[in-house]
Amino acid sequence: MAANTSPIYSIAANVAWGTVATANTAKDGTGTVVTVFTAGAEGSRIERIRVRAAGTNVATVLRVFINNGSTNATPGNNSLLTESTIAATTLSEVAALAETDILMNLSVPAGYKINITIGTTVAAGLAVTAVGGNY
C-alpha cells in the first residue's frame, strides 16, 4: 500500500467566518446553520475555531458539525464534531470580552464544510472565525 512518507503542509491560508445569533436545537446538523469553513479543491486542514461575543449575550452552547459538502437538510450528511459552552457576556468599554478557542487539527476532504449552531438565541451574536489552510 502506498503511503505518504513526507509531511503535508497547506499551500494557501483558508480563513473564513460567520456570525450566529439564533438558536437551532437540532443535534443532527439540520436546520439553520452558519457555514464558517469550506475546504478547498485539494482538501484543507482546519486548525482552530475562535468564538467571540459581539456584545452582551446569555450563555449558550456552540455546536460544530462537519458536512460532506451536500445539503445539511439530510442528517446523514452531517456529523457533530464537538460542543463548547459559551459563557454569558456583558459588553464593556474597559475590559475585553472572553473568547473561546476550539482546537480542531482536522484534515477535511475537498468541498467539506464546517457548520455551526447555538443552543440558545443570543442578543448580540457570536463572531466565529475558522483558521486553516488549503492543500
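Structure's up top.
What counts and what doesn't
- Residues numbered from 1 in each chain as written.
- Predicted model: local features only at pLDDT ≥ 70, side-chain atom pairs only at ≥ 80, totals over all residues.
- Heavy atoms only, no water.
- Pairing = 2+ DSSP bridges.
- Helix = DSSP H or I, 4+ residues; strand = E, 2+ residues; numbered from the N terminus.
- Axes fitted to C-alpha atoms, helices over the stretch in contact; angles between N-to-C directions.
- Buried < 20%, exposed > 50% of the residue type's maximum accessible area, 1.4 Å probe, protein only.
- Polar contact = N/O pair within 3.5 Å; in protein donor to acceptor, adjacent residues only side chain to side chain.
- Contact = heavy atoms within 4.5 Å.

Caption draft 1: Broad picture of the sheet that holds strand β1 (residues 12-20). Here four strands make up an open sheet; going across it, the order is β1-β8-β3-β6 and the pairing antiparallel. The outermost strands of the open sheet, each flanked by one partner alone, are β1 and β6 (99-108). Put simply, the sheet's adjacent strands are angled 15 degrees from each other on average, direction ignored. Pairing between strand β3 (residues 44-53) and β6: eight bridges, direction antiparallel. Within the sheet, the bridge partner assigned to Val-51 lies in β6 and is Thr-100.

Caption draft 2: How the structure looks around the side chain of Asn-115. Within the secondary structure, Asn-115 sits in strand β7 (residues 113-118). Classification of Asn-115 as buried rests on a relative accessible area of 2%. Reaching out from Asn-115, the side chain makes a polar contact with the side chain of Thr-35 at a distance of 2.7 Å. Not counting chain neighbours up to four residues away, the residues in contact with Asn-115 comprise Val-33, Val-34, Thr-35, Arg-63, Val-64, Phe-65, Asn-67 and Asn-72.

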